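Examining the three-dimensional arrangement
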Amino acid sequence: MRASQFHLFTLKEAPSDAEVVSQKLMLRAGMIRKVAAGIYNYMPMGLRSIRKVEAIIRDELDRAGAMELVMPLVQPAELWQETGRWDKMGPEMLRIKDRHDRDFAMQPTSEEVVTDIARQELKSYRQLPKNFYQIQTKFRDERRPRFGVMRGREFVMKDGYSFDRDVEAAGRSYDAMYAAYGRIFDRIGLAYRAVAADTGAIGGDRSHEFQVIADTGEDAIVYCPDSDYAANIELAEALPLIATRGTPTSALEKTPTPGKATCADVADLLGIALHTTVKSLVLATDEADDNGKIIKSTVWLLLVRGDHDLNEVKAGKIEGLKNGFRFATEAEIIEHFGCKPGYLGPIGLRKPVRIVADRTVANMADFVCGANAEDFHYTGVNWARDLPEPDLVADLRNVIEGDPSPDRKGVLAIQRGIEVGHVFYLGNKYSKSMNATFLDIDGKPKHFEMGCYGIGVTRIVGAAIEQNHDDKGIIWPAAIAPFEVVICGVGWGKSELVRDEAGKLYEALRKAGIDVILDDRDERPGVMFADWELIGVPHRVTVGDRGLKEGVVEYQERRIGEQLKFAPADVVAHVVGRLRG
RNA sequence: CGGGGAAUAGCUCAGCCUGGUAGAGCACUGCGUUCGGGACGCAGGGGCCGGAGGUUCGAAUCCUCUUUCCCCGACCA
């Protein structure tokens, strides 16, 4: 490719609405252009990286025995109604009507359609296992699209689905995909971690996320440096920090804490450690009648230590909160606690509430909590002595750095991550609701055991940039760079020698199978260098009269920056060695 | 969805308060001088000032409505 024929268009300044570095750099490098909120053109420069990611995915999935197909972007409501997701999905699924007023959805994912394929095509256990995948545009009408390609509404995703005859075989399919994902991310060249993830309504332990490590990631990932434990913070188990409850040593005392409504403020005022305080969170659950009218509400008090945060995913697993909960209204709080938020606690309730204590809180002694009276806290609080034992003890909190690892092999560390892949065992949820069966060896129909496997193709491109950039621009891993090498012809317009030599190198690299672009724009060197550093091409060869006079061309690796001199005859071998060696 | 903000050239922004011929830098076109780290000069092209309504002799500017975009938003008791 010659730069003079390519659409190269870089910006010195990013549009003011760009937030994160990947978005700014992709816009500045001319990879994407915004069309609407969360919706982008993938410009030629950007598409090259996207295609490279796709090629690696295809190669590894095909090798792992999966096969590619394409399902429609626009899917009939009927299929979604079969599984009940037409009603469940909420506004993030974009619904459209055709000219006959029939309902359709823009696919956010394709379980329904692929299960429909399976029930029509797969009749016998002898046809199993099968693994179908597609690389397709998805649409999710995010509440707040942001971060460019990282959380867009329209994006490209690889979604795959496996069909097996039983749970054991489905496990093998899962393992094969897990392994393939590892190979895919290894080849792409990103630092990543596979972590155990929440399985939601399906249950079981077969769910892993592949997280690209980046400080700007939206997810917190927890791992143990001394073992192979790794999990999303939503799932990571918090062990009790206090093995057994201590004996009370302080008397219960109602202490004035005027205007101190947070645990940190109270600890400051009283000169005590934050971890001796207990935080009260008030939730509510509603029971509705058949018409959806709320007939009864229950108020819950969740207690976590003052230095800990509630984990809502964990809270949602508690019996009674499983079907959804909300934070209580101020009116409900006053009705049950007789006090405004800020000074709430489990002692002296006006009306009964369900009290759930975090495992650590349940073993605390002499702790501090709100007194259910404005501007007062209790100190020296002890279970059993000052208040009844909690109704329930559960793991309620997010783990924090330094907590013991659940495998008891060390302490936990936390990093931020960007979720770029997810493998998930589905079981027969969809095959049952859509009645997708095959005939097993005994001649009886059985529901398929399914798994689903996603990779965010466009998000990988953004994540790669979040992880690999400097103040000059992008630093691509070579495997997904829009070009592997750029040849900059300095003084292109005036030097035939430069044109000849650069042209020869260009042909030689092409013949060697290298994805090379020749910058023949006759730009000033500063412009060329700045452009290619912004775009992030990993290898650069500079051909100019100055070097050619000494019989050399210059070579520079984007990530390293140091300039090396080579005889033109040697530089091709060196570049090929760096890229393919 | 709730709260805040913004909308003027392809991009970044000024002008608005105090109404009177629409501006700058970057980008783009032409010519010239330059030419190894985002050059300089001269001359240009490009705007229904997001849209609709109103006030006014006159509206980018004041008022109302509307659309779009951006930010913040469980809780942290």
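Residues numbered from 1 in each chain as written. Chains lettered and ligands numbered in written order. Predicted model: local features only at pLDDT ≥ 70, side-chain atom pairs only at ≥ 80, totals over all residues. Heavy atoms only, no water.

What follows is about the overall build of chain A. Per the secondary structure count, chain A includes 16 helices and 31 strands. For chain A, the C-alpha atoms occupy an extent of roughly 90 × 70 × 50 Å along the three principal directions. Sorting the 581 residues of chain A into buried and exposed places 51% on the buried side. Considering only intrachain contacts with a sequence separation of at least 6, the fraction spanning at least 24 residues in chain A is 69%. Within the structure as shown, chain A displays about 26,300 Å² of accessible surface, and the carbon and sulfur contribution to it stands at 49%. Taking the average place of the 77 positive charges on the side chains of chain A and the average place of its 88 negative ones, the gap between the two points comes to 2 Å. (Helix = DSSP H or I, 4+ residues; strand = E, 2+ residues; numbered from the N terminus. Buried < 20%, exposed > 50% of the residue type's maximum accessible area, 1.4 Å probe, protein only. Contact = heavy atoms within 4.5 Å. Areas by Shrake-Rupley, 256 points an atom, 1.4 Å probe, with all protein chains shown as cover. Lys, Arg positive; Asp, Glu negative; His and termini not counted. Charge placed at Lys NZ, Arg CZ, Asp CG, Glu CD.)

Among the residues of helix α1 (residues 21-28), Ser22, Gln23, Leu25, Met26 and Leu27 are the ones counted as buried. Looking at the buried side of α1, the elements it contacts are β1 (32-36), β2 (39-42), α12 (457-467), β25 (469-470), β26 (473-474) and α14 (525-535). At the exit of α1 stands Gly30, carrying a positive phi of roughly 75°.

This paragraph deals with the sheet that holds strand β15 (residues 294-305). Read across the open sheet, the five strands follow the order β16-β14-β15-β17-β20; overall the sheet is mixed. Two strands in the sheet have a free side with no partner beyond their single neighbour: β16 (326-327) and β20 (392-394). Bridge count between strand β14 (residues 278-288) and β15: 11 bridges; the pairing is antiparallel. Each bridged residue has a counterpart across the sheet, and for Val282 the counterpart in β15 is Leu301. Packing against the sheet, helix α9 (residues 330-337) makes contact with β14, β15 and β16, and its axis sits at approximately 75° to β15. (Pairing = 2+ DSSP bridges. Axes fitted to C-alpha atoms, helices over the stretch in contact; angles between N-to-C directions.)

In this structure, Leu61, Tyr181, Ile188, Trp476 and Trp532 are the most contacted members of the largest nonpolar core, which totals 63 residues. Examining the composition of this core, we find that eight residues originate from one element, helix α6 (residues 167-188), more than from any other. When residues of this core are assigned to domains, at least three fall in each of domain 1 (21-189 + 425-465) and domain 3 (483-580). Residue contacts for Trp532: discarding those within four places in its chain leaves Ala3, Leu8, Met45, Val486, Cys488, Ile517, Asp519, Arg521 and Val537. (Core = buried A, V, L, I, M, F, W, Y, C linked by side-chain atoms within 4.5 Å. Domains from an automatic or database assignment.)

A word on the packing of aromatic side chains. Here the structure, examined in full by the defined rule, presents 12 aromatic pairs. Plain terms: the ring middles of Phe6 and Phe483 are 5.4 Å apart, the flat faces sit at 80° to each other, and that makes the pair edge-to-face. Pair noted here: Phe6 is in the segment before α1 and Phe483 is in the loop between β26 and β27 (485-489), with a separation of 477 residues, a long-range link. Both residues of the pair, Phe6 and Phe483, belong to the buried class. Members of the aromatic cluster, joined through ring pairs, are Tyr178, Tyr181, Phe185, Tyr192 and Phe210. (Phe/Tyr/Trp six-rings, centres within 6.5 Å; stacked < 30°, edge-to-face > 60°.)

The next subject is the sheet that holds strand β6 (residues 103-106). Read across the open sheet, the three strands follow the order β4-β6-β5; overall the sheet is antiparallel. Because the sheet does not close on itself, it has two edges, and the strands there are β4 (74-76) and β5 (95-97). For this sheet, the mean inter-axis angle between neighbouring strands, taken without regard to orientation, is 40°. Of the pairings in the sheet, the one linking β5 to β6 comprises three bridges and is antiparallel in character. Looking at the pairing, Lys97 lines up with Asp103 of β6.

The domains assigned to chain A are domain 1 (21-189 + 425-465), domain 2 (253-394) and domain 3 (483-580). A C-alpha centroid distance of 40 Å is found between domain 1 and domain 3. Between domain 1 and domain 3, the contact holds six residues from the first and six residues from the second. Counting each side, the surface lost to burial between domain 1 and domain 3 is near 570 Å², with a carbon and sulfur contribution of 66%. Taken together, the connections running from domain 1 to domain 3 amount to two salt bridges. (Buried area = accessible area lost by both parts, 1.4 Å probe. Salt bridge = Lys/Arg side-chain N within 4 Å of Asp/Glu carboxyl O.)

Our next topic: the confidence of the model for chain A. With 98% of its residues at a pLDDT of 70 or more, chain A shows a mean pLDDT of 92. Between the elements of chain A, mean pLDDT differs from a low of 80, seen in β16, to a high of 98, seen in strand β29 (residues 539-543). (pLDDT = per-residue confidence, 0-100.)

Turning to the pairing of strand β19 (residues 376-381), a few remarks are in order. Of all six residues in β19, five are buried, a share of seventy percent or more. Note that strand β18 (residues 367-373) and β19 share four bridges and pair antiparallel. Directly across from Phe367, in β19, lies its bridge partner Val381. Taking the residues that link successive antiparallel strands as the turn, the β18-β19 hairpin has two residues, and the phi of Asp375 there is positive, at about 70°.

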